[in-house]
Amino acid sequence: MSVNITFLGGAGTVTGSKYLLRHEGKCLLLDCGLFQGYKLLRLRNWTPLPIAPDQIDAVLLTHAHLDHSGYLPVLAKEGFKGHVYASAGTRDLCRILLPDSGHIQEEDAAFANRHGFSKHAPALPLYTRQDALDCLHLLKAVDEGVTFQPIPGWRVTFSTAGHILGASSVLLEVAGRRILFSGDLGRTDDLIMNPPAKAPLADTVLIESTYGDREHPKEDVLAELGPALKKLAKRGGVAVVPVFAVGRAQALLHAIHLLKLRGDIPHSLPVFLDSPMAVHTTHLFEHHLGEHRLSSPQTRALTHSATMINSTDESRALASRHGPMVILSASGMATGGRVLHHLALYAGDHRNMIILTGFQAPGTRGATLASGAKSVRIHGRDVELNAEVVQLQSASAHADAPQLLAWLRSMPQAPNQVYVVHGELNAADELRKRIKHQLGWRAMVPEHGSTWPT
């Protein structure tokens, strides 16, 4: 009997990763992500899965970003009671990210109800902070390189994927099949994360394609960020930097620290990290030495490179300060959280700057900002955009097309089938063509909801 994969997310889109594997009545879910971006995609979060959660035997997580882990509270609330297996770094990050995600959803729903701009009465969160806390006991940490059995007879091994703290590629062996999930692959030249491990032997590969249609620029993030912040400091403006609380925030803090050490930007330029989740994550780097490139002194410097903002009162108090200053705040695509309040406050002033630090999924406010739009809708109103928008091309934590192909080439021999996932359609199809023409391998982009054999 074959092993089948149903693509419940991360197919034809860069968000909502969920891959359901079935064999002889047993079911395993690889990743459990939230859909983000377009409303059409976000609505999928409210649609029940085609399998009852209590019928899923186990969950594996490649990493903690919400588009890979953020649906877990819903799964648990609706009846899943098995283990969720992940690396220790991913477990620790989920303990931070998931409750924060629930809290933000509660805040956004409450804000919508107070101001009456939701079509639903009342607006409700997909899940609450308590829902997220209630699911955390399901997380079970496993070491990289150690083979374990989430289901009797199903063997799983995690390996380093780079990308963010704890990110893993996953090799699943079942019914004589070897199925490899890349997870989100990091860059070989990442500023703070270790490079991905070589890909093992496999029959079937699922590979991400976020940057499957492009190459990263040759210049590094310091060469891009330095001139922008130097210009900002000179004109006394405020830079609002939407960042992913995990990974991007720490990379940007380290970059700013290096720029100050080099004298490329004023040492006195105030920097604020306004995201409790990012603050907690930054401290977490000290507890996972060896899983990233930073030394112990560098991780300590990271925690002192900005004023850490925790409370909402501290966040509001930033509004009374004058520039120049830099505010790093979640979320990275400006889909929610405190960064929206900073954008609403500072986007209208031409002296200010909005610095986008990575991929902006279609349908997000970040994509609107990157498009050169004259206004952006925030909390039910249109905010005029006069601030300079700078999109860093070199800050991505994802492997680009050549790096993705290099990872595939590191396999001992060609797989029978490659499924190209976790990318917008153009990026996914471009990577499919590169795999076909440059490697001569069978590759396809599966449709959302489709089922294929391994």
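What counts, and at which threshold
Residues numbered from 1 in each chain as written. Predicted model: local features only at pLDDT ≥ 70, side-chain atom pairs only at ≥ 80, totals over all residues. Heavy atoms only, no water. Helix = DSSP H or I, 4+ residues; strand = E, 2+ residues; numbered from the N terminus. Rg over C-alpha atoms; globule rule 2.2 N^0.38 Å. Buried < 20%, exposed > 50% of the residue type's maximum accessible area, 1.4 Å probe, protein only. Contact = heavy atoms within 4.5 Å. Areas by Shrake-Rupley, 256 points an atom, 1.4 Å probe, with all protein chains shown as cover. Lys, Arg positive; Asp, Glu negative; His and termini not counted. Charge placed at Lys NZ, Arg CZ, Asp CG, Glu CD. Phe/Tyr/Trp six-rings, centres within 6.5 Å; stacked < 30°, edge-to-face > 60°. Lys NZ or Arg CZ within 6 Å of the ring centre and 35° of its normal. Pairing = 2+ DSSP bridges. Axes fitted to C-alpha atoms, helices over the stretch in contact; angles between N-to-C directions. Polar contact = N/O pair within 3.5 Å; in protein donor to acceptor, adjacent residues only side chain to side chain. Arc of directions from axis to C-beta. Core = buried A, V, L, I, M, F, W, Y, C linked by side-chain atoms within 4.5 Å. Disulfide = S-S within 2.5 Å.

Draft legend 1. Summary view of the overall build of the chain. Counting secondary structure elements, the chain contains 14 helices and 22 strands. Here the C-alpha radius of gyration of the chain, 21 Å, is about what a compact globule of 454 residues would show, namely 22 Å. Taken over 454 residues, the chain has a buried fraction of 58%. Counting only contacts in the chain whose residues sit at least 6 apart along the sequence, the fraction spanning at least 24 positions is 74%. As presented, the chain carries roughly 18,200 Å² of accessible surface, and 51% of it is formed by carbon and sulfur atoms. Charge separation in the chain, taken as the distance between the mean sites of 44 positive and 41 negative side-chain charges, equals 3 Å.

Draft legend 2. How the structure looks around the environment of Leu 201. With respect to the element layout, Leu 201 can be found in the loop between β10 (177-181) and β11 (204-208). It is 5.7 Å that separates the C-alpha atoms of Leu 201 and Pro 412, two residues lying 211 residues apart in sequence.

Draft legend 3. Local environment of the packing of aromatic side chains. Enumeration over the complete set of coordinates arrives at 5 aromatic pairs. Geometrically, the ring pair formed by Tyr 85 and Phe 148 is tilted, given 5.1 Å between the ring centres and 35 degrees between the ring planes. In this pair, Tyr 85 sits in strand β5 (residues 83-86) while Phe 148 sits in strand β7 (residues 148-151), placing the two residues 63 residues apart along the sequence. Of the residues examined, Tyr 85 reaches a relative accessible area of 8% and is grouped as buried. In textbook terms, an aromatic cluster arises when at least three aromatic residues are bridged by ring pairs, as seen for Phe 7, Tyr 19 and Tyr 419. A cation sits over an aromatic face here: Lys 18 above Tyr 71, 4.7 Å from the ring centre.

Draft legend 4. Quick peek at the sheet that holds β11. Pairing within the open sheet is mixed, and its 7 strands lie in the order β7-β8-β9-β10-β11-β20-β21. Bordering the open sheet on either side are β7 and β21 (443-444), each of which pairs with just one other strand. Inspection of the sheet shows β7 paired to strand β8 (residues 154-160) by 2 bridges, in the antiparallel sense. Its bridge partner being in β8, Phe 148 is matched across the sheet by Val 156. Each of β9 (168-174), β10 and β11 is contacted by helix α13 (residues 401-409), which is oriented at about 160 degrees to β11, the strand it contacts most.

Draft legend 5. Seen up close, the sheet that holds β5. Overall, mixed pairing links the 7 strands, which are arranged β6-β5-β4-β3-β2-β1-β22 in an open sheet. The open sheet has two edge strands with one neighbour each: β6 (139-141) and β22 (451-453). Within this sheet the neighbouring strands show an average axis-to-axis angle of 25 degrees, counted without direction. Direction of pairing for strand β4 (residues 58-60) relative to β5: parallel, over a ladder of 3 bridges. The residue of β5 that forms the bridge with Ala 58 is His 83.

Draft legend 6. Molecular detail of the side chain of Gln 250. As for its position among the elements, Gln 250 is in helix α7 (residues 248-262). Overall, the relative accessible area of 0% leaves Gln 250 in the buried class. Here Gly 247 takes part through its backbone nitrogen, which lies 2.6 Å from a polar atom of the side chain of Gln 250.

Draft legend 7. Representation of helix α11 (residues 339-346). Residues of α11 that are buried: Val 339, Leu 340, His 342, Leu 343 and Tyr 346. Projected onto a plane normal to the axis of α11, the buried residues spread over an arc of 160 degrees and lie on a single side.

Draft legend 8. Expanded view of the nonpolar core. In terms of nonpolar packing, the biggest core is built from 100 residues, with Val 59, Ile 207, Val 326, Leu 328, Leu 408 and Ile 435 touching the most fellow members. Beyond its immediate sequence surroundings of up to four residues, Leu 328 is in contact with Val 241, Val 243, Ala 249, Leu 252, Leu 253, Ile 256, Val 271, Phe 272, Leu 273 and Asp 274. Counting residues in each nonpolar core, the second largest holds 26 residues, with Ala 58, Tyr 85, Leu 172 and Tyr 419 among its members.

Draft legend 9. Just the state of the cysteines, in detail. Under the criterion given, the structure shown has 0 disulfides. Free of any disulfide, Cys 27 has its nearest cysteine sulfur in Cys 32, 14 Å distant. Accessibility expressed as a relative area gives 8% for Cys 27, which makes it buried. With no disulfide partner, Cys 32 has as its closest neighbouring cysteine sulfur the one in Cys 135, 8.8 Å distant. When its relative accessible area of 0% is taken as the criterion, Cys 32 is described as buried.

Taken by themselves, the reported measurements are silent on function.
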